[in-house]
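Here is how the chains run, residue by residue.
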Amino acid sequence: MKLGIIGLPNVGKSTLFKAITGTQAEIANYPFCTINPNISIVPVPDRRLDHLCQLYQPERCIPAVLEVVDIAGLVRGASKGEGLGNQFLSSIREVDAIIHVVRCFEGTNIAHVDGSINPIRDIETIELELILSDLEYVERRINKYSRLAKGDKIFKEQLEILNNLLRHLEEGKSAHCFPDLPLLTDLHLLTSKPILYVANTDEQQLGGDYRELEALQNKVAEKQAELIIISAEIEAEIADLAEEERQLFSAELGLSISGQKQIIQAGYKLLNLLSFFTAGGSKEVRAWTISKGTKAPQAAGKIHSDFERGFIRAEVTAFEDLLQYGTINAVKEKGKYRSEGKEYIVQDGDIILFRFNV
């Protein structure tokens, strides 16, 4: 699963990428410093995995991961090719969810492409370019389906919905709030992707009441999205420190949880993902990523296809039960250890031993 970091040039995308991933990305005070997307695999912080690794002391402790992509800055006119817009929009189309970085810090030494700091305007600029790109995409699909719809009931129905979607986009509305979107097959619209907003502030704004960001918070709330307020520069500095120094520095700034953890955990939630765990042996404790609603055989298939083909049952312990009673044996004694069949829907935090025929 991919999270794509987007925004205008010089808003702190590459700095945030560095903070999230711990890898280097080119950072400079000019537009289009990033041309080709920077890509990194990042572990998903999870206190439950930490607890299991302390409990079992395995040789390997393997977290769930996400792929994070730093996409170059979009500018007004990107949907028409401005600023290598077509290339950047195609990069957005390839990700599963979007982290939209909005600049809220002043920084006179860092140029803003529009000459002033205005988070609401910046959001609307990016959103408009994504909508315009989707409009062009839908128009092409309508032209195709108009030819195919002659004498084909299914294409006729799809064409009617596409025309309704076109009018929806022309009104300046994003595809994700179009009610009939699930009825359209094989559409990869930019504005249908789940989105997380990140307000990139400076050190002075951290720990405040954010009254100056109230309009931005209201704007994001209207979109039924989440807003995380961080300083990407500070987060990048923290990411370079040793663990003990990191904790001390974070405490001085009043940061109870790092922006990195907030964003990765929010991104995981945004993608409708959950983690289950395999544990118990001395070799490995591991977190596995699946979509919510996945049944036990398909979860087993994440480990190996043979597990899914030969699935017999899943022996399940809820993490909270293990935390309460201390050991798997104690969980069994309390009657909380469960044997589940093929229709069982795996829950977040399940610790599972799969039984299968080879």
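(A) Structural context of the nonpolar core. Counting residues in each nonpolar core, the largest one holds 60 residues, and the members touching the most others are L16, L66, I92, I99 and I263. Apart from the residues within four sequence positions on either side, I99 is in contact with L3, G4, I5, I6, L16, L196, V198 and I263. Counting 19 residues, the second-largest nonpolar core is a separate cluster that includes Y145, L159, L165 and A175.

(B) Molecular detail of the pattern of salt bridges. Within the structure shown, the criterion is met by 15 salt bridges. Salt-bridge contacts for E136 lead to R140; the nearest nitrogen and oxygen are separated by 3.4 Å. Taken together, the residues E136 and R140, both in helix α4 (residues 119–148) and four residues apart, mark about one turn of the helix.

(C) Focus on the packing of aromatic side chains. Inspection of the entire model under this criterion finds five aromatic pairs. Ring geometry for F276 and W288: centres 6.5 Å apart, planes at 15 degrees, overall stacked. One end of the pair, F276, is in strand β8 (residues 273–278); the other, W288, is in strand β9 (residues 284–291), with 12 residues separating them in the sequence. Accessibility expressed as a relative area gives 0% for F276, which makes it buried. By relative accessible area, which is 11% here, W288 ends up buried. Ring geometry for F276 against F354: centres 6.0 Å apart, planes inclined by 85 degrees, an arrangement best described as edge-to-face. In this pair, F276 sits in strand β8 while F354 sits in strand β12 (residues 350–356), placing the two residues 78 residues apart along the sequence.

(D) Layout of the sheet that holds strand β2 (residues 38–43). Reading across from one edge, β2-β4-β1-β5-β6-β7 is the order of the six strands in this open sheet, with mixed pairing throughout. Looking at strand neighbours, the two that pair on one side only are β2 and β7 (226–230), the edges of this open sheet. Looking at each pair of strands side by side, their axes are set apart by 25 degrees on average, direction ignored. Strand direction decides the pairing type here: β2 and strand β4 (residues 65–70), joined by six bridges, are antiparallel. Its bridge partner being in β4, I39 is matched across the sheet by V69. The strands that helix α6 (residues 214–222) touches are β6 (195–200) and β7; relative to β7, the one it contacts most, it runs at about 150 degrees.

(E) Highlighting unusual backbone geometry. Here the phi dihedral of Q57 falls at roughly 50 degrees; this positive angle occurs in a residue that is not glycine. In this fold, Q57 is placed in the loop between α2 (47–56) and β3 (60–62). In this structure Q57 comes out as exposed when scored by relative accessible area, which is 60%. Even without being glycine, N272 reaches a positive phi, approximately 65 degrees. As for its placement among the helices and strands, N272 is situated in the loop between α9 (259–270) and β8.

Basis of the calculations
- Residues numbered from 1 in each chain as written.
- Predicted model: local features only at pLDDT ≥ 70, side-chain atom pairs only at ≥ 80, totals over all residues.
- Heavy atoms only, no water.
- Core = buried A, V, L, I, M, F, W, Y, C linked by side-chain atoms within 4.5 Å.
- Buried < 20%, exposed > 50% of the residue type's maximum accessible area, 1.4 Å probe, protein only.
- Contact = heavy atoms within 4.5 Å.
- Salt bridge = Lys/Arg side-chain N within 4 Å of Asp/Glu carboxyl O.
- Helix = DSSP H or I, 4+ residues; strand = E, 2+ residues; numbered from the N terminus.
- Phe/Tyr/Trp six-rings, centres within 6.5 Å; stacked < 30°, edge-to-face > 60°.
- Pairing = 2+ DSSP bridges.
- Axes fitted to C-alpha atoms, helices over the stretch in contact; angles between N-to-C directions.

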